[in-house]
Amino acid sequence: MALLEAVMDCGFGNWQDVAYQMRTKNKEECEAHYMKNFINNPLFSSTLLNLRQIEEARTADTAIPFKPTDDPPRPTFDSLLSRDMAGYMPARADFMEEFDNYAEWDLKDIDFVDDDSDILHALKIAVVDIYHSRLKERGRRKKIIRDHGLINLRKFQILERRYPKEVQDLYDAMRRFARVVGPIEHDKFIESHALEFELRREIGRLQEYRRAGIQSFCSAKVYERVKQVREDERRKRTMLVDVLQYIQDGRACQQWLSKQAAIDAGITPVVTTITTSATGRRCAPPLNLTGLPGTEKLNDREKELCQVVRLVPGAYLEYKQALLNECRRQGGLRLAQARALIKIDVNKTRKIYDFLIKEGYINKA
């Protein structure tokens, strides 16, 4: 029994420590006795397995042994990587600027002396207690950031964008409650709603098949293919009607029709612009916003921007809302981020970005 307890305490194979704990036997005698009676004895063939299970259970919650790793990144101050990591310094496992960064200033001049009055002594103790509470709040925020993996903000945003739009809205609304529950519970909550959304969408698709009289998945594939062709044709007809209705310039309309014909034929369209005969400069007439959907939601300056940039109001409102959401999420927005967010002509993106900055809708990062 003493040998078994020593093996359980020191681990199987650690015969030097087992012999030290036994005190009356050397390591060769301990190993020989154990192998003879418990390993090679068929009556105790499961002893080693039980000992290993006990050892694994005993050491499951202990510290992870040290292993050499790569040198942690050391981003320079105010670099892009440093801003993306919110000033986190991996080599020190700390932030360059802490929450409530100047909390220590209230303590730097406090000195406890023997001739302090009771009131002054109690006041100094109260200041120290307040400082301790501020340190606890700083530690609490660090724990939330560490547990939820919020240091690598770019990776966090990439993971967030893998959800559908409806789930992303829920994710954004429930982010403020993540501090109440743990990271695993919060992720399970979001994943369960994502699964519910997928199930509802799949049920809706099956109900659509049933209403169409489809009874097999083979017929469903044909239905989806025909439905896609029908949607493409409807989109082309709607686009053509919009162009003929809203573009008053006959030459611009003809250029658009030629471009669409080239795209349908699989040929790279040649982009041409209207050239004035007087100056020879390339320019395009302002876009006529009369009757376009969403025009009533724009103010006069936004209408002027859409006319000059030749951007329909609906698209402008969508781009504007996307930039506002991104700026609100990150606390600021750079031009490169705006160009990565809305995939249109870079010159149009710059004009929209400068306009929103000037009007105070967003601020630079």
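Our structure is the block above this text.
Here is a short report on the structure shown in this document. (Residues numbered from 1 in each chain as written. Predicted model: local features only at pLDDT ≥ 70, side-chain atom pairs only at ≥ 80, totals over all residues. Heavy atoms only, no water.)

Remarks on the overall build of the protein chain
In terms of helices and strands, the protein chain carries 15 helices and two strands. Out of the 365 residues in the protein chain, the part that is buried amounts to 22%. At a minimum sequence separation of 6, the contacts of the protein chain that also span at least 24 residues come to 40%. When the accessible area of the protein chain is evaluated, it comes to approximately 26600 Å², of which 56% is carbon and sulfur surface. (Helix = DSSP H or I, 4+ residues; strand = E, 2+ residues; numbered from the N terminus. Buried < 20%, exposed > 50% of the residue type's maximum accessible area, 1.4 Å probe, protein only. Contact = heavy atoms within 4.5 Å. Areas by Shrake-Rupley, 256 points an atom, 1.4 Å probe, with all protein chains shown as cover.)

Overview of helix α6 (residues 118-148)
End to end, α6 covers 45 Å across 31 residues, agreeing with the expected 45 Å (1.5 Å per residue, within 8%). Listed in full, the buried residues belonging to α6 are Lys124, Tyr131, Arg138 and His148. Once α6 ends, the next one or two residues include glycine 149, with phi positive near 65°. (Expected span 1.5 Å × (residues − 1).)

A few points about the nonpolar core
Counting 23 residues, the largest nonpolar core has Leu311, Tyr316, Leu323, Leu333, Ile352, Leu356 and Ile362 as its most contacted members. When contributions to this core are tallied by element, the ones reaching two or more residues are α12 (300-309), α13 (313-330), α14 (335-341) and α15 (346-359). Here this core takes six residues from α13, the largest share from any one element. With residues near it in sequence (within four places) discarded, leucine 356 still touches Tyr316, Lys320, Leu323, Tyr361 and Ile362. Counting residues in each nonpolar core, the second largest holds nine residues, with Leu3, Ala6, Val18 and Tyr34 among its members. (Core = buried A, V, L, I, M, F, W, Y, C linked by side-chain atoms within 4.5 Å.)

Observations concerning a nonpolar patch on the surface
Taken together, the side chains of Phe177, Val180 and Val181 present a nonpolar region at the surface, about 290 Å² in accessible area. Mapping valine 180 onto the fold places it in the loop between α8 (165-174) and α9 (183-211). Accessibility expressed as a relative area gives 67% for valine 180, which makes it exposed. (Patch = residues over 30% accessible without salt bridge, like charges linked within 9 Å, V, L, I, M, F, W, Y side chains within 5 Å. Salt bridge = Lys/Arg side-chain N within 4 Å of Asp/Glu carboxyl O.)

A few points about the side chain of glutamine 337
Structurally, glutamine 337 is set in helix α14. A distance of 2.9 Å separates polar atoms of two side chains, one belonging to glutamine 337 and the other to glutamine 330. Setting aside residues up to four positions removed in sequence, glutamine 337 forms contacts with Gln330 and Gly332. (Polar contact = N/O pair within 3.5 Å; in protein donor to acceptor, adjacent residues only side chain to side chain.)

Details of the side chain of threonine 349
Position of threonine 349 among the secondary structure elements: in helix α15. Looking at threonine 349, the relative accessible area reads 1%, which means it is buried. Apart from residues no more than four positions distant in its own chain, threonine 349 is found in contact with Leu335, Ala338, Arg339, Ile342 and Ile344.

Focus on the packing of aromatic side chains
Pairs of aromatic rings are described using the distance from one ring centre to the other and the angle between the two planes. Summed over the entire model, instances satisfying the criterion amount to six aromatic pairs. For the pair tryptophan 15 and tyrosine 34, a centre-to-centre distance of 5.6 Å together with 55° between the ring planes defines the contact as tilted. Taken together, the residues span a long stretch of sequence, with tryptophan 15 in helix α2 (residues 15-22) and tyrosine 34 in helix α3 (residues 27-39) at a distance of 19 residues. Of the two residues examined, tryptophan 15 and tyrosine 34, each falls in the buried class. One aromatic cluster in this structure is built from Phe12, Trp15 and Tyr34. A cation sits over an aromatic face here: arginine 141 above phenylalanine 99, 3.8 Å from the ring centre. (Phe/Tyr/Trp six-rings, centres within 6.5 Å; stacked < 30°, edge-to-face > 60°. Lys NZ or Arg CZ within 6 Å of the ring centre and 35° of its normal.)

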